[in-house]
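# Notes for the structure review
This is what each chain is made of:
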6 protein chains.
Amino acid sequence: MKITPILFLFTLLSSTTSYASVHDFCVGDIKAPETPTGYHCMPLANITSDDFVFHGFVAGNTNNSFNAALTSAFVTDFPALNDLGISAARLDIAKGGSIPMHTHPGATELLIMVHGEITAGFLTTTAVYSKTLKPGDLMVFPQGMLHFQVNSGKGKATAFLTFSSANPGAQLLDLLLFSNNLPSELVAQTTFLDLAQVKKLKARFGGRG
Amino acid sequence: MKITPILFLFTLLSSTTSYASVHDFCVGDIKAPETPTGYHCMPLANITSDDFVFHGFVAGNTNNSFNAALTSAFVTDFPALNDLGISAARLDIAKGGSIPMHTHPGATELLIMVHGEITAGFLTTTAVYSKTLKPGDLMVFPQGMLHFQVNSGKGKATAFLTFSSANPGAQLLDLLLFSNNLPSELVAQTTFLDLAQVKKLKARFGGRG
Amino acid sequence: MKITPILFLFTLLSSTTSYASVHDFCVGDIKAPETPTGYHCMPLANITSDDFVFHGFVAGNTNNSFNAALTSAFVTDFPALNDLGISAARLDIAKGGSIPMHTHPGATELLIMVHGEITAGFLTTTAVYSKTLKPGDLMVFPQGMLHFQVNSGKGKATAFLTFSSANPGAQLLDLLLFSNNLPSELVAQTTFLDLAQVKKLKARFGGRG
Amino acid sequence: MKITPILFLFTLLSSTTSYASVHDFCVGDIKAPETPTGYHCMPLANITSDDFVFHGFVAGNTNNSFNAALTSAFVTDFPALNDLGISAARLDIAKGGSIPMHTHPGATELLIMVHGEITAGFLTTTAVYSKTLKPGDLMVFPQGMLHFQVNSGKGKATAFLTFSSANPGAQLLDLLLFSNNLPSELVAQTTFLDLAQVKKLKARFGGRG
Amino acid sequence: MKITPILFLFTLLSSTTSYASVHDFCVGDIKAPETPTGYHCMPLANITSDDFVFHGFVAGNTNNSFNAALTSAFVTDFPALNDLGISAARLDIAKGGSIPMHTHPGATELLIMVHGEITAGFLTTTAVYSKTLKPGDLMVFPQGMLHFQVNSGKGKATAFLTFSSANPGAQLLDLLLFSNNLPSELVAQTTFLDLAQVKKLKARFGGRG
Amino acid sequence: MKITPILFLFTLLSSTTSYASVHDFCVGDIKAPETPTGYHCMPLANITSDDFVFHGFVAGNTNNSFNAALTSAFVTDFPALNDLGISAARLDIAKGGSIPMHTHPGATELLIMVHGEITAGFLTTTAVYSKTLKPGDLMVFPQGMLHFQVNSGKGKATAFLTFSSANPGAQLLDLLLFSNNLPSELVAQTTFLDLAQVKKLKARFGGRG
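Just so we're clear, the structure is a prediction, and the values are computed from it rather than from any experiment.

## Some words on the overall build of chain A
- The number of helices and strands found in chain A is five helices and eleven strands.
- Classification of the 209 residues of chain A by burial places 66% in the buried group.
- Within chain A, residue pairs in contact and separated by at least 24 positions form 64% of the contacts whose partners lie at least 6 positions apart.
- Of the accessible surface of chain A, which amounts to about 6500 Å², a share of 57% is contributed by carbon and sulfur atoms.

Here is the structure:
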């Protein structure tokens, strides 16, 4: 075979593949300014196999007042996820622990039960969708829905959470309402909570006002 | 001029315009099953100028315990908005009234102050963004953010709300938490509210358990 | 309660919320180069409540040959709208005035009548959709459609315009055809207008050729 | 090799491929109601190789008052294009002919010159972008821009047009303005054309009023 | 408090939440015709908590010639995933087994290692990205990339696969090339494989010609 | 007419058109870092008519071992295509030549036959869709499908290829499998090819291992 011509054609064809950093993947440059659709792409020449692997998707320390821990693999932890529309987190909940009410405004959550028993659910204005889950079960929490997970078993519980976004964020209801300096009277008026309850939780979650 | 040939060309050209129901607009058939992206398109032959106009964008009755009223022009009220990514509502709040904490999971809200004074804001886990608004002011509430509006003036207040979706929905926090039959103990555990507070609000908002 | 552990968990959780500049909102840095999807995000640390409020959504000066004025709140006027898919403008038309034929290539327009009477419509190759609007009426102009608004009342008219894009642009037909240096003969050939008409309007709208 | 187990695995794997009608392609059922994103998918069992081939992409009859012809291969002509974001048309222009000013609200047009010479351009409110094209040239007309093509050569001209939509539509300016029953006075007021010019073109393009 | 007015307001507000089937979620009606963006939404009244849970995410039978099994939870298995942009599968590979080269044209794959050791990688025209994975590792395979997974350990291996689509599909290279009736000569010409090799694999994978 | 006021209004209106670089088009700055959605926009002031025209869409040199040549007009060749979702390439195949099996992960391909005869097809796991094409025929290859083109005629063949992306890329199967250093045993295990066949093709396509 003629080796030179074939290399010549390869040049031609690779001229259509050298944009790989755009079209095959776009590993995020998380130090640079962000765009509305994610981070800029790292130069293709800098990318190695190691960029596509995340280590340390292991149990976090649940020795805290929630008796729970989240280990996240989001785009800022794992820049190869940039623009790929997916991420994951490991959830460990000790006996009696829970992840309180929260939303992910930009992502659906798909929970894979790994160990123990979790009672989980999400809320709409017309219904609550709640189930007790065991290993071998999956549960989906549609994008933006207020949801919770409680360890309802006799020991530890572990679940893997996957999200339909590289960067799902998390809006924990108590942090939204009680960790800031919005006047307690205004919180009470717009939540129908008693003022004393608002002040009590502001004290707990570090809010003022 | 040659009329027949020109008509002949018009036939050709209108073969590229007869799909108007897809490309120019898609007035929703709100009686038919929904798709993930909205309603099926009504046949173009059925569409008239009246389909593109909504009447009754007027003050609602604020004689209720919120002292507030919302008049919505969403896709189910105004099917021409189907697939157009926009809708509107009129908000009237009597003295002392408010729209309590809520989210629109699928839409950004842009508020246009028309009359009176409203104090509004939205919450993130790291900050509160809140302002007092007067006629001539606009305020934007990014998609999925928990937000509120309170009449902070001496009389009635009116604002026009516009949304970046034909169907923004509305998730009122108290309805999510207290209008259903999720056990009060579970609500308390996942919100850190006192059980008595949960039971009190369940009684008010029609929840059980 | 154990304050240290809870702070420890907050650290964990806030690691999922510190990307707020991407997921909660992306206030545009309108000085930096643009991307196909909008402006880069301002650093979260620089954002205050004031960024989410626009002042001066008031009547413009209609003392011009259109007897009309547009006051825009688009992303370059109000950078918080960046990537949020919505914007607004205030339209004031004096008696006898109008906004001539134009399109918004990238946005649907939803008009809210506030004062007076406006006759508005949009054109397709197969039909015209036109109505006379009064306060309490809305009219929608689907994306890309050629449309107009005329004050058909006895006094001033005011409408609020909202758009399904942070940056709707506006392509005024007379500016497209008559404000440039495209040869008049070419304009005439491709519009079927008489050459004299083309030259007359080029003189009016500042075109040459 | 063990044939049964391998078939057994194939069953498993093909359970992930049997949704081909959604994920590999979605040939449009153009007789059924449309959705905002296109036509329903024909059942996979009905699809053959013939569905993916369009015949008759040939010169149309230019014996008309435009001396031009468009042969379209859009989704209603070629249902396999449904949801694929691309389509094509063949443009033939006799000596002296042209395609008058028009827009494609939902598609960018990429023109491939095949034969002869065409002068083409598009208009923005701030500039005209116009060139004379010969075989071997491409020209792009960004989505929604008002554009034209004129045979500026000594003989026939042919170009292939491709579009970034399965269904680009076409809004011919003269049809928009002059083929309907919008009152001539209103057309004149909103275009600054002389009333006589409007009436003359309404007569030509079949409008009334 | 006045119960009637509050109910009256709830009616108003729930008029903005009754479209939940569109905006909160859209559980797929997998018996009805498909749209380009997924399945039609089941009526909200038919939806229960059970719709959001999938059971049987367990090991499949690896007693086949690949010594591997895939248990899928895609939209046709779990209709609640419709339009949510996420799905999952469980991968079990016996000692010496593998999942051969394949692509998911419409989804990124994120692999979560659970047990054992897997060597996995994906191929571009300019590089190979390959790693050996152990529990606690994640690896991402960007959308459309040709990739493989091999059990490189001493015992069984298990991984959970998640996808950025409700319906990722799977294009197994050997099925594409060798399970159909494309003439062997044509396969050889377009793959550079020896004709004998093509015929041998066609015999194994059930192809003809 | 009053020229000053009209200019005053033009100023107002052009404030809504000066974002043309975002909304009318976004010619790519291919020297700057890329974003997930393409290149940054060149400043509007730098753009001329020449930016929208590509020259040299002509036959490439087919004197190579494929007897084929591709001349591409993708975004890196023609930056005006940035963010416009379309591109093109010219394909010339000498007698007996072919374009071997490949995919475009991010684009549908629409082929326009210009000269000669090409037999083309694409493969799914359940079927082959293949046809022999002559001038006047179009064939569509849906996004991500493995496909090929062979000159099945008696002379040269030419086709124009258009793509539903500004940057379709191209993944040539032989380059994916045989031009890298993935161990031959691993390639053989994950493709079912004989080891000798793998080594033979690695030698031909420049792979090692």
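Anyway, onward from the coordinates.
## Observations concerning the relation of the copies chain B and chain C
- The transform that puts chain B on chain C rotates by 180° and translates by 0.0 Å along the axis, for an RMSD of 0.0 Å. Look at the turn and shift together and you get a two-fold axis relating the two. When C-alpha positions in chain B are compared against the rotation axis, the closest is assigned to serine 164 of chain B, at 3.0 Å.
- Counting the interface residues of chain B, we find that 100% of their copies in chain C are interface residues as well, pointing to one common contact surface.

## Some thoughts on the domain arrangement of chain A
- Considered domain by domain, chain A is made up of domain 1 (44–169) and domain 2 (175–205).
- The centre of domain 1 of chain A, based on its C-alpha atoms, is set 27 Å off from the matching centre of domain 2 of chain A.

## Quick look at the state of the cysteines
Residue and element names in this part refer to chain B.
- Applying the stated rule across the entire model yields six disulfides over all chains.
- Shown here is the disulfide that connects cysteine 26 with cysteine 41, its sulfur atoms set 2.1 Å apart. One disulfide, between cysteine 26 and cysteine 41, carries an S-S torsion of -100° and so falls in the left-handed class. Of this pair, cysteine 26 sits in the loop between helix H2 (20–23) and strand S1 (53–54) while cysteine 41 is found in the loop between H2 and S1, placing the two residues 15 residues apart along the sequence.
- Residue classification places cysteine 41 among the buried residues on the basis of a relative accessible area of 9%.

## Some words on the relation of the copies chain E and chain F
- After a rotation of 180° and a shift along the axis of 0.0 Å, chain E superposes on chain F with an RMSD of 0.0 Å.
- Most of the interface of chain E is mirrored in chain F: 100% of its interface residues are interface residues there too.

## Quick look at helix H5 (residues 195–205) of chain E
Residue and element names in this part refer to chain E.
- Of the positions making up H5, those classed as buried are Gln197, Val198, Leu201, Lys202 and Phe205. One face of H5 carries all of its buried residues, which in axial projection span an arc of 135°. Away from its buried face by more than 90 degrees, H5 exposes Ala196 and Ala203.
- Looking one or two residues beyond H5, the residue adopting positive phi is glycine 206, at roughly 85°.

## Some remarks on the sheet that holds strand S4 (residues 98–103) of chain F
- Spatially, five strands are ordered S7-S6-S9-S4-S11 (chain F) in an open sheet, and the strand pairing comes out antiparallel. Two strands close off the open sheet at either side, each with one partner strand: strand S7 (128–133) and strand S11 (171–172) of chain F.
- Two elements, strand S6 (residues 118–123) of chain F and S7 of chain F, share six bridges in a ladder whose sense is antiparallel. Along S7 of chain F, the bridge assignment pairs alanine 120 of chain F with lysine 131 of chain F.
- Those strands touched by helix H4 (residues 184–191) of chain E are S4 and strand S9 (146–151) of chain F, and its axis lies near 100° from that of S9 of chain F.

## Quick notes on the packing of aromatic side chains
- Inspection of the entire model under this criterion finds 73 aromatic pairs over all chains.
- When the centroid spacing of 5.5 Å and the interplanar angle of 85° are considered together, the rings of phenylalanine 74 of chain C and phenylalanine 163 of chain C count as edge-to-face. Of this pair, phenylalanine 74 of chain C sits in the loop between strand S2 (68–73) and strand S3 (87–93) while phenylalanine 163 of chain C sits in strand S10 (residues 157–163); the two residues are 89 residues apart in sequence, bridging distant segments of the chain.
- With 6.5 Å between their ring centres and 80° between their planes, phenylalanine 122 of chain D and phenylalanine 141 of chain D make a pair best called edge-to-face. In this pair, phenylalanine 122 of chain D is assigned in strand S6 (residues 118–123) and phenylalanine 141 of chain D in strand S8 (residues 138–141), connecting sequence segments 19 residues apart. Like phenylalanine 122 of chain D, the residue phenylalanine 141 of chain D is buried in the burial classification.

## Focus: the packing of helix H4 (residues 184–191) of chain F against helix H5 (residues 195–205) of chain F
Residues and elements named next belong to chain F.
- H5 packs onto H4 with a crossing angle of 120° between their chain directions and a minimal axis gap of 9 Å. One element, H4, and the other, H5, form an angle in the oblique class. Crossing of H4 against H5: the hand is right-handed. Within the contact between the two elements, H4 uses Ser184, Glu185, Val187 and Ala188 and H5 uses Leu195, Val198, Lys199 and Lys202.
- Each residue belonging to the contact of H4 with H5 can be placed in one class, and the counts come to four nonpolar, one polar and three charged.

Quick notes on the rules
- Residues numbered from 1 in each chain as written.
- Chains lettered and ligands numbered in written order.
- Predicted model: local features only at pLDDT ≥ 70, side-chain atom pairs only at ≥ 80, totals over all residues.
- Heavy atoms only, no water.
- Helix = DSSP H or I, 4+ residues; strand = E, 2+ residues; numbered from the N terminus.
- Buried < 20%, exposed > 50% of the residue type's maximum accessible area, 1.4 Å probe, protein only.
- Contact = heavy atoms within 4.5 Å.
- Areas by Shrake-Rupley, 256 points an atom, 1.4 Å probe, with all protein chains shown as cover.
- Least-squares fit on C-alpha atoms with pLDDT ≥ 70 in both.
- Domains from an automatic or database assignment.
- Disulfide = S-S within 2.5 Å.
- Arc of directions from axis to C-beta.
- Pairing = 2+ DSSP bridges.
- Axes fitted to C-alpha atoms, helices over the stretch in contact; angles between N-to-C directions.
- Phe/Tyr/Trp six-rings, centres within 6.5 Å; stacked < 30°, edge-to-face > 60°.
- Parallel < 35°, antiparallel > 145°, perpendicular 65-115°, else oblique.
- Left-handed = near helix turned anticlockwise from the far one by under 90°.
- Nonpolar A, V, L, I, M, F, W, Y, C, P; charged D, E, K, R; others polar.

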